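Commentary on secondary and tertiary structure
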Amino acid sequence: MSAPDLHAPLLRVAQRWMPRILTQVCRDPTSPLFGCADRNWWHYKIRDFPSIILQQAGYALHEAARLPQWHDQREALEAIAAASARFWNARAQKHYAFEEYYPWEQGYPPLAFATLAVAKLADQGVVAVEDLRDGLRIAARQLRTRFEAQAGNQQVAGLAALAWIDKLLPQDADPAAFAQVKARTLDLQHAEGWFWEYDGPDLGYLAVTIDCLWDLYDATGDADYRDAIARALGFMAAFPAAAPNGVGQHNSRNTDYLVPYGIIRSAIEGTEPERADAARVAQWAFASADREDHTYAATDDRYICHYIGHSVMRALALLEGRAALAFDAAAPAPRMFDGSGHYLADGLIVSPRKGGILTISGPSGEASDFGWIVGRDETQYVSHWWSADWSIEPVDGGIAVAGRMFSHREKLSNPFQHIVLRCLAFVLGKRLIPILKRVLIFKRGGQSEPVLNRKITHRDGSVEITDRIEGLRTTDRLLRAPRASKRHVASADSYHPQDLAPIRGFALSEERSATPDAITIVTRITPC
């Protein structure tokens, strides 16, 4: 049995983050902007709207005020938390409210997450329900009629927000509408336990989903949400042995971090095997949370305010004075997830739905291969792209992946584009969002892109990768892909040690043979 302490490293993270959270929030009680958590708007004046999703910072301050480390500042912290909720209420009543990235956005994530945070502040008596009534009613109408099928964590958060509003304003509740949204939301969970996130599973967002499923259970007492939590943790628990240093780019949305609250609560309150699964995941993800190479060291202020911060504070309250969480440390057998496409073995993770990217870990270190980029004029063709279009086939000792690479051009921001964006947003509101997602996030392979055929075999702590890229031109530029994915996902692209050194403690060798329109590359990655 293995049971390192989780409270101490998470507390050190929280102590580093608290000044950063407070810096983001307007703390001047004489200012009309008191409680606003968007420093770029209230202080620097470089944004022309406040990103309302950041109001979750107030909930983080409230959760911190419950901990012994900030007990002496509790009254002041609660006052700022209440002000953050009132600021949210004022913004929620504006035209095309719930802005995150641009004015008049009517975005679903700020609607779901910020509403959930302020509703819980009202439930816990930090702010009067009457001070938020108008904003909560506006949010509830949208949460009953809008549905986010592409990002399961956002939809679960939205359902949790609606559950808490119905509890706070029972006279306005619509049980039939809630039941309909609940059924559609739980249908987003795959049979393997993960929720859909941009065409596949993402453990970072699955951890957020687990937090929000616990919020749903607390608001409703409905055991269906506990069942969903247990299935999600069963999926997550398969990954620690395969990727001891984290999953990161093997997620559908490239998310490096996990949030602790729901996972740790399941490790404490769950029944077997949920409790054991949760303890395994918690120690994998948070036992080294205070180290400089942990994802929390590179988390930016936006994501500390937007959800991660208050999940850490809530987890600390659970861990206060509690013994360490133990679990059986035996490594699971290698397996293939047919739904997600992941191939997992002890110290090896392969993601065929991302063009066969892989990470191998061992006593000597860690090494990753992120596929290839073909440069052609101003266009790049990349294999590191999550898609169901990749074909996957088991082979002796490994797996084979084939498909067309994905064309990509960098989108550069400029004043003209932002003027157009604001004009369109003012006219279209939330109808603009699917258009932007198609441009920035969702792509499909065409008929002119180069074709990648990749075969991966592994044995004795080493891997061999045979790549054949067809459809090349003599002027094409071929290079190994860096860690960064070209897919636009806001929570991604925090610094990671593999940005600078994708191979540590392993040696890479390659052999190449080429024809005019194709190249074959055999890559071997072996421990040093």
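Scroll up for the structure.
Now for a description of the structure that goes with this document. (Residues numbered from 1 in each chain as written. Predicted model: local features only at pLDDT ≥ 70, side-chain atom pairs only at ≥ 80, totals over all residues. Heavy atoms only, no water.)

Points about the nonpolar core
Among the nonpolar cores identified, the biggest contains 130 residues, and M236, F239, I263, I264, F286 and Y296 are the most heavily contacted of them. Apart from residues no more than four positions distant in its own chain, Y296 is found in contact with L10, V13, W17, Y257, L258, V259, P260, F286, A289, I308 and V312. Membership of the second largest hydrophobic core comes to 18 residues, among which are W385, W390, I469 and A481. (Core = buried A, V, L, I, M, F, W, Y, C linked by side-chain atoms within 4.5 Å. Buried < 20%, exposed > 50% of the residue type's maximum accessible area, 1.4 Å probe, protein only. Contact = heavy atoms within 4.5 Å.)

Topic: the packing of aromatic side chains
In total, this model carries 16 aromatic pairs according to the counting rule given. Plain terms: the ring middles of W194 and W196 are 4.7 Å apart, the flat faces sit at 75° to each other, and that makes the pair edge-to-face. For W194, a relative accessible area of 1% puts it in the buried group. Each residue in the set W17, F286 and Y296 is aromatic and connected to the rest through ring pairs, giving one cluster. In this arrangement the basic side chain of R226 is found over the ring face of Y217, its NZ or CZ atom lying 5.3 Å from the centre. (Phe/Tyr/Trp six-rings, centres within 6.5 Å; stacked < 30°, edge-to-face > 60°. Lys NZ or Arg CZ within 6 Å of the ring centre and 35° of its normal.)

Considering the sheet that holds strand β3 (residues 348-351)
As summarised here, the arrangement of the 6 strands in space is β1-β2-β3-β4-β5-β14, forming an open sheet in which the pairing is antiparallel. Of all the strands in the sheet, just β1 (335-336) and β14 (503-504) have a single pairing partner and so form its edges. Pairing geometry for strand β5 (residues 365-369) and β14, over 2 bridges, is antiparallel. Each residue of the ladder has a partner; that of A367, found in β14, is I503. (Pairing = 2+ DSSP bridges. Helix = DSSP H or I, 4+ residues; strand = E, 2+ residues; numbered from the N terminus.)

Digging into the sheet that holds strand β12 (residues 462-470)
One open sheet accounts for 6 strands, arranged β8-β9-β11-β12-β16-β15; its pairing is antiparallel. Only two strands of the sheet have a single partner each, and these edge strands are β8 (391-395) and β15 (506-515). Across this sheet, the average inter-strand angle for adjacent strands is 15°, counted without regard to direction. Inspection of the sheet shows β8 paired to strand β9 (residues 398-404) by 5 bridges, in the antiparallel sense. Note on β9: the bridge partner recorded for P394 is I399. (Axes fitted to C-alpha atoms, helices over the stretch in contact; angles between N-to-C directions.)

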